[in-house]
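# Inside the fold
The residues making up each chain are set out below.
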Amino acid sequence: MRQLYIKQKVFSLSGKFSVKDQEENEVYFVEGSFMQIPKTFSIMDVACQEVAMITKKTFSFLPTFFVEVHGQEMVTIKKEFSFLKARYSIDAAGIEVQGNWWDMDFEVYRNGELIGAVSKKWFTWGDSYQLIIVEDEMEPLLVSLVVAIDCAKAAQSAAAAGGGA
């Protein structure tokens, strides 16, 4: 079992940040496209090899984000139409997210087996999301899922502030 940390509000100013382990060693680097359509976030390992890509669908009525891991589309996060409160759905083959994923407190299962968990940590190296990785081979997917959800939240905040989605 391994723990990783992603600093909160990573999308606020720059499109670059890192994912760190418990000893604060950089494990992954995330880089967002700047002034590019479609908006993307590339996740690279320490050898600078891309392990995942998050893409915001360009022309859609409601915001949609696609997550590819090792070149395969794994997860879709899509805003659902609602009048009162923003609602998003997560669609992933064989992957189930249980808990309050919008507030970053959830568990991830593959075919009924726990593969990881995410929670918000307040007193680490700044407010962070903590990822607990149960299955090592699922680590890129779990990191991508957290980044994609945070990206959807940032798009929602921009839309609520009148900046469009």
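Description of the structure in this document. (Residues numbered from 1 in each chain as written. Predicted model: local features only at pLDDT ≥ 70, side-chain atom pairs only at ≥ 80, totals over all residues. Heavy atoms only, no water.)

## With respect to the overall build of the chain
Helix and strand content of the chain: 1 helix and 12 strands. Counting the 165 residues in the chain, one finds 46% classified as buried. Roughly 9,200 Å² of accessible area belongs to the chain as shown, and the carbon and sulfur atoms make up 52% of that amount. (Helix = DSSP H or I, 4+ residues; strand = E, 2+ residues; numbered from the N terminus. Buried < 20%, exposed > 50% of the residue type's maximum accessible area, 1.4 Å probe, protein only. Areas by Shrake-Rupley, 256 points an atom, 1.4 Å probe, with all protein chains shown as cover.)

## A look at the pattern of salt bridges
For the coordinates displayed, the defined rule picks out 3 salt bridges. In this structure, R2 and E139 form a salt bridge, with 2.9 Å as the shortest nitrogen-oxygen distance. One end of the pair, R2, is in strand β1 (residues 2-7); the other, E139, is in helix α1 (residues 139-160), with 137 residues separating them in the sequence. Using a relative accessible area of 30% as the deciding quantity, one classes R2 as partly exposed. (Salt bridge = Lys/Arg side-chain N within 4 Å of Asp/Glu carboxyl O.)

## Details of a nonpolar patch on the surface
A grouping of M1, L114 and V134 is seen on the molecular surface, where their side chains present a nonpolar patch of about 310 Å² in accessible area. Mapping M1 onto the fold places it in the segment before β1. Given a relative accessible area of 76%, M1 falls into the exposed group. (Patch = residues over 30% accessible without salt bridge, like charges linked within 9 Å, V, L, I, M, F, W, Y side chains within 5 Å.)

## Structural notes on unusual backbone geometry
For E24, which is not a glycine, the phi torsion comes out positive at approximately 65°. Along the chain, the position of E24 falls in the loop between β2 (16-21) and β3 (26-32). One non-glycine residue, H70, lies in positive phi territory at about 50°. Position of H70 relative to the elements: it lies in the loop between β6 (64-69) and β7 (72-80).

## As for the environment of V108
Its location among the elements puts V108 in strand β10 (residues 105-110). In this structure the C-alpha to C-alpha distance between V108 and E96, which are 12 residues apart in sequence, comes to 5.8 Å. In contact with V108, not counting residues within four places along its chain, are I95, E96, E113, L114, I115, G116, L142 and L145. (Contact = heavy atoms within 4.5 Å.)

## Some remarks on the pairing of strand β4 (residues 40-45)
Across the 6 residues of β4, 5 count as buried, placing the element largely inside the fold. Note that β3 and β4 share 5 bridges and pair antiparallel. Bridge assignment links G32 to a residue of β4, and that residue is F41. By the bridge criterion, 5 bridges tie β4 to strand β5 (residues 50-56) in an arrangement that is antiparallel. Its bridge partner being in β5, T40 is matched across the sheet by T55. (Pairing = 2+ DSSP bridges.)

## Considerations on the nonpolar core
In a soluble, globular protein the nonpolar side chains are often hidden away together inside. Core analysis: the biggest nonpolar cluster contains 40 residues, and I6, I43, F106, L131 and V143 have the highest contact counts within it. The greatest single-element share of this core, amounting to 10 residues, is contributed by α1. Not counting residues within four places of it along the chain, the set of residues in contact with I6 comprises F17, V19, S128, Y129, L131, V143, V146 and V147. (Core = buried A, V, L, I, M, F, W, Y, C linked by side-chain atoms within 4.5 Å.)

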